[in-house]
Amino acid sequence: MEIIKKNEISMTTKHDYDRASELKAFDETKDGVKGLVDASVTSIPRMFHHEFDKDSTSSSSNSHKLVIPSIDLVDIHQDPTRRKIVVEKIREASETWGFFQIVNHGIEVSVLDEMKNGVVRFFEQDSEVKRELYTRDPVKPLVYNSNFDLYSSPAATWRDTFYCFMAPNSPNPEDLPSVCRDIMLEYTKQVMKLGNLLFELLSEALGLDPNYLNEMRCNEGLALVCHYYPSCPEPELTLGITKHTDNDFITVLLQDHIGGLQVFREHSWVDVSPVPGALVINIGDFLQSGSKSCRSKSISCKLL
C-alpha cells in the first residue's frame, strides 16, 4: 500500500511498490502511526512489514523460567546492613542481566501514573495541534515524529515518539506541550534525584566511593523519551521497537499496565511483566563492558 496524502490509501502491486514514496507520503501527513489508526486501516502499509529472523522471535521453555531481578530499595538510607544487601543485588543483576526492576524507589505512584497519563494526553490531542510540533530537526527543544530512523531502517516500527533534553540545560517551559508540561517537569526532578541514588549504589557495587560516578558527571544529563503504541490491526507483521541497546549510562524505564518490554537473556527473549509502581533500570552501553539487547514498549527516561 502507498499513503498518498493525509489518510488516503491506495493499493500497489508487489512489482510497482515504491518504498521511498510511501515513506515520504507517510511522513508528510505529520499524523504518524496514530493517524493510520484514526483512519481505521485494516491492513498496515508495507513499510511497516518486518522480516523476522529466528533470533527476533525465538522463545524457549527456559525463557518462561527466567524472571528479571526485582530489588526493594526500602530503608537503604537508614539501615547500613540493608544497603549492603541492595548493593550486592544490584551488582549481581547488573553483571548477569544488565537490567533490574526497583520498587520503593521514592517516586510516588501518583507521579508515575500522571506521567503515563500525560503522554497519552499528548498523543491523543487533535491532529492539527500535534502537526505544529512534528519535526525531524534534532535541535528543536521538543521533537515529535514517528520513527526517528524512518528513512534509514529496513522497516518502520509501529510507534510515535516525542522527546526532549531536560538536563543539564532545562528547556523553556513554554516549549513543552501544555497537556503534559507540569508532569514532565516534576517527573524529571524526581528521576534526577533517583538517578543520583542509583549512581551511588552502582559506584558501591563497583567497589568505589559512593560519589564516584556522580563526580564523573554521569548524572548530569537527562533525555525524556515518550513512546506511544496504538492498537495495530496486524501485529504479527510488525514491531513496536526493534532489538537495540541504549547508548547512555542508565535508562529509567516506566511501563504502562500493558507492558511489552522484553530483554534478551540466555538466547531467549524474556518478558518483563509490569509491576505497579516499579521502574525498570537498564545498564546502558556507556556503563557496561558487555552489550545486552532490549526491545520495549514504554516511556523511557534516560540519564545520559
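Residues numbered from 1 in each chain as written. Predicted model: local features only at pLDDT ≥ 70, side-chain atom pairs only at ≥ 80, totals over all residues. Heavy atoms only, no water.

The name an unreviewed UniProt entry gives the chain is Fe2OG dioxygenase domain-containing protein, with Medicago truncatula as the organism. The Cofactor (unreviewed entry) field of the UniProt record for the chain holds the comment "Fe cation". Here the chain is described in UniProt, under the heading Sequence similarities (unreviewed entry), as follows: "Belongs to the iron/ascorbate-dependent oxidoreductase family." (UniProt positions renumbered as here; feature names shortened; annotations may be inferred.)

1. Focus on the confidence of the model for the chain
The predicted model of the chain averages 89 in pLDDT, with 86% of residues at 70 or higher. Note on residues 1-12: pLDDT is under 50 here. Beyond four places in sequence and across chains, it has 35 contacts. (pLDDT = per-residue confidence, 0-100. Contact = heavy atoms within 4.5 Å.)

2. Brief notes about the pattern of salt bridges
Counting across every chain of the model gives 13 salt bridges. Across the salt bridge formed by Glu95 and Arg91, the nearest N and O atoms sit 2.7 Å from each other. A residue pair is termed a helical-turn pair when its members lie 3 or 4 positions apart in one helix, as Glu95 and Arg91 do in helix H4 (residues 80-96) at four residues. Two residues, Glu220 and Arg217, come together in a salt bridge whose shortest N-O distance is 2.8 Å. A relative accessible area of 33% means that Glu220 is categorised as partly exposed. Via salt bridges that share partners, Arg83, Glu200 and Glu204 belong to a single interconnected network. (Salt bridge = Lys/Arg side-chain N within 4 Å of Asp/Glu carboxyl O. Helix = DSSP H or I, 4+ residues; strand = E, 2+ residues; numbered from the N terminus. Buried < 20%, exposed > 50% of the residue type's maximum accessible area, 1.4 Å probe, protein only.)

3. Topic: the pairing of strand S7 (residues 222-228)
Within S7, seven of the seven residues are buried, leaving the element largely enclosed by the surrounding structure. Sheet analysis places strand S6 (residues 160-167) next to S7, joined by seven bridges and oriented antiparallel. Residue Phe165 lies in a different strand from S7, and its bridge partner there is Ala223. (Pairing = 2+ DSSP bridges.)

4. Re the packing of aromatic side chains
Scanning the entire structure with this criterion turns up 13 aromatic pairs. With a centroid separation of 5.6 Å and an interplanar angle of 90°, the aromatic rings of Phe26 and Phe48 are classed as edge-to-face. Within this pair, whereas Phe26 is found in helix H1 (residues 19-29), its partner Phe48 is found in the loop between helix H2 (32-38) and helix H3 (54-57), the two being separated by 22 residues in sequence. The buried category is assigned to Phe26, whose relative accessible area is 1%. (Phe/Tyr/Trp six-rings, centres within 6.5 Å; stacked < 30°, edge-to-face > 60°.)

5. Topic: a nonpolar patch on the surface
On the surface, Leu206, Leu208, Tyr212 and Met216 cluster together into a nonpolar patch covering about 390 Å² of accessible area. One can find Leu208 in the loop between helix H7 (181-205) and helix H8 (212-215). Relative accessible area serves as the criterion here: at 32%, Leu208 is assigned to the partly exposed category. (Patch = residues over 30% accessible without salt bridge, like charges linked within 9 Å, V, L, I, M, F, W, Y side chains within 5 Å. Areas by Shrake-Rupley, 256 points an atom, 1.4 Å probe, with all protein chains shown as cover.)

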